[in-house]
Amino acid sequence: MAEEKQMQQGKAGKLYLCATPIGNLDDITLRVLNTLKEVDLIAAEDTRHSIKLLNHFDIRTPMTSYHEYNKIDKARYLVGQMQQGINLALVTDAGTPGISDPGEELVKQCYEAGIEVTSLPGPAACVTALTLSGLSTRRFCFEAFLPVDKKERQWILEELKDETRTIIVYEAPHHLVATLKELSDTLGSSRRITICRELTKKYEEAFRTTFAEALAHYEAEEPKGECVIVIEGRSIHELKQEQQKSWEEMTIEEHMEVYLVQGLDKKEAMKLVAKDRGISKRDVYQKLLG
């Protein structure tokens, strides 16, 4: 970075998104350590938390706070500093900046101002929990913390009802039982889940269970540590069967009308009706004749 600094004299600085350990300090990368030592300033979500990390690795770079409550105005200030040539590292309390934290606002403002941004990969609780869950990792969606607003929260829960990808949700230990109840009511008490706690730490736990079993377990004893809930997606086969059954509740003629009123011609409507019902176009034609 020393050579980079010389090249950048008279130019704008750069933003380095530095992933930091989510528990085990040995998970920090050499690249992140070198960057934190060589940048001009470190923006930290909680300076009291981050100073422990810096002290552990004997890093003396100055810090400034950057958090949820000052993220817009402070981002403007930090962008101004980078425009004057300052190289800035962003760290959050744990994990990769920009994931469920105020980092995304700073990144957005940097791009708008033409500031170069780079991300130094490392720990992320969502990916760590997903790979540890024993559930499908091919397709997944990340919901982070569910919204506090009741209407928005209910809207998202309903949206997740037929989600076929593996779902990842964050939750604080004192809210876990209430959130599990809401998810269970919406997604079904028998849905398979894995609850990960204390990731990368001494008492790391990956509790493979169902909503029903998890509620019984945690109602008896409140968990400790931040939780990541990894939820099995809805079965595509089961979902198709349900949809097919709902179509079968109406007659072929009524089903055809659904598409004809949309302006489709009869041939295309028959094709879609056949697909919906899992039958051939010939069957649809014969039933219409009959």
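(A) Representation of the sheet that holds strand E1 (residues 14–18). Taken in spatial order, the 5 strands make up an open sheet running E3-E2-E4-E1-E5, and their pairing is parallel. Taken across any chain shown, the strands that pair with only one partner, and hence form the sheet edges, are strand E3 (63–65) and strand E5 (116–120). Each neighbouring strand pair of the sheet contributes to a mean axis angle of 25 degrees, computed without reference to strand direction. Pairing analysis gives 5 bridges linking E1 to E5, with the strands arranged parallel. Paired with Cys18 across the strands is Leu120, a residue of E5. Sheet strands in contact with helix H2 (residues 30–38) are E1, strand E2 (41–44), strand E4 (88–91) and E5, and its direction is about 135 degrees off that of E5. Relative to the sheet, helix H3 (residues 47–56) contacts E2, E3 and E4, its axis offset from that of E3 by approximately 155 degrees.

(B) Quick peek at helix H5 (residues 103–113). When H5 is considered as a whole, its buried residues turn out to be Gly103, Glu105, Leu106, Val107, Gln109 and Cys110. Residues of H5 that are buried sit in contact with E1, helix H4 (71–83), E4 and E5. At the C-terminal side of H5, Gly114 shows a positive phi close to 80 degrees.

(C) Molecular detail of the side chain of Arg197. Tracing the backbone shows Arg197 in strand E8 (residues 192–197). Within the local environment of Arg197, its side chain forms a polar contact with the side chain of Glu205, the two groups lying 2.9 Å apart. For Arg197, the residues in contact, after removing those within four places along its chain, are Tyr203, Glu204, Glu205, Tyr218, Pro223, Lys224, Glu226 and Cys227.

(D) Examining the environment of Leu54 more closely. Assignment of secondary structure puts Leu54 in helix H3. Judged by its relative accessible area of 3%, Leu54 falls in the buried class. In this structure, the C-alpha to C-alpha distance between Leu54 and Leu36, residues 18 residues apart in sequence, is 8.5 Å. Dropping the residues within four chain positions of it, Leu54 is found in contact with Leu36, Ile42, Ile59, Thr61 and Met63.

(E) Here's a closer look at the pairing of strand E7 (residues 166–171). Counting buried positions along E7 gives 6 out of 6 residues, so the element sits mostly inside the fold. Side chains Thr166, Ile168 and Tyr170 project from E7 onto one buried face, and the interleaved Ile167, Val169 and Glu171 project onto a second face that is buried too. Strand direction decides the pairing type here: strand E6 (residues 140–145) and E7, joined by 5 bridges, are parallel. Bridging across to E7, Phe140 finds its partner in Thr166. Each parallel crossover has a hand, and for E6 linked through helix H7 (residues 150–160) to E7 it is right-handed. Bridge analysis of E7 against strand E10 (residues 227–231) gives 5 bridges, and the strand direction is antiparallel. Bridge assignment links Tyr170 to a residue of E10, and that residue is Val228.

(F) Inspection of the layout of surface pockets at higher detail. Space inside the largest pocket adds up to approximately 1,100 Å³. If you trace the largest pocket, you find 35 residues lining it, with Glu45, Asp93, Ala94, Gly95 and Glu226 closest to the centre. Those elements that place two or more of their residues in the lining of the largest pocket are H3, helix H6 (125–133), E7 and E10. When residues of the lining of the largest pocket are assigned to their parent elements, the largest contribution, 4 residues, is made by H3. Across the lining of the largest pocket, the residue classes break down as 17 nonpolar, 9 polar and 9 charged. Considered as a void within the structure, the second largest pocket measures approximately 340 Å³ in volume.

(G) Spatial organisation of the packing of aromatic side chains. This structure, assessed with the given rule, holds 3 aromatic pairs. Taking 5.1 Å as the distance between ring centres and 70 degrees as the angle between the ring planes, the aromatic pair formed by Phe142 and Tyr170 counts as edge-to-face. Linking Phe142 in strand E6 with Tyr170 in strand E7, this pair joins segments that are 28 residues apart in sequence. Residue class for Tyr170 comes out buried when judged on its relative accessible area of 12%. Their ring planes at 70 degrees and their centres at 5.7 Å tell us that Phe145 and Tyr170 sit as a pair that is edge-to-face. Note that Phe145 is positioned in strand E6 and Tyr170 in strand E7, a separation of 25 residues in sequence.

The rules behind these values
Residues numbered from 1 in each chain as written. Predicted model: local features only at pLDDT ≥ 70, side-chain atom pairs only at ≥ 80, totals over all residues. Heavy atoms only, no water. Pairing = 2+ DSSP bridges. Helix = DSSP H or I, 4+ residues; strand = E, 2+ residues; numbered from the N terminus. Axes fitted to C-alpha atoms, helices over the stretch in contact; angles between N-to-C directions. Contact = heavy atoms within 4.5 Å. Buried < 20%, exposed > 50% of the residue type's maximum accessible area, 1.4 Å probe, protein only. Polar contact = N/O pair within 3.5 Å; in protein donor to acceptor, adjacent residues only side chain to side chain. Right-handed = clockwise from strand over helix to strand, strands pointing away. 1 Å grid on protein atoms, 1.4 Å probe; cavity = no way out; pocket = protein on both sides within 12 Å on 5 of 7 lines; lining within 4 Å. Points joined across faces, edges and corners; volume = space filled by probe spheres on them. Nonpolar A, V, L, I, M, F, W, Y, C, P; charged D, E, K, R; others polar. Phe/Tyr/Trp six-rings, centres within 6.5 Å; stacked < 30°, edge-to-face > 60°.

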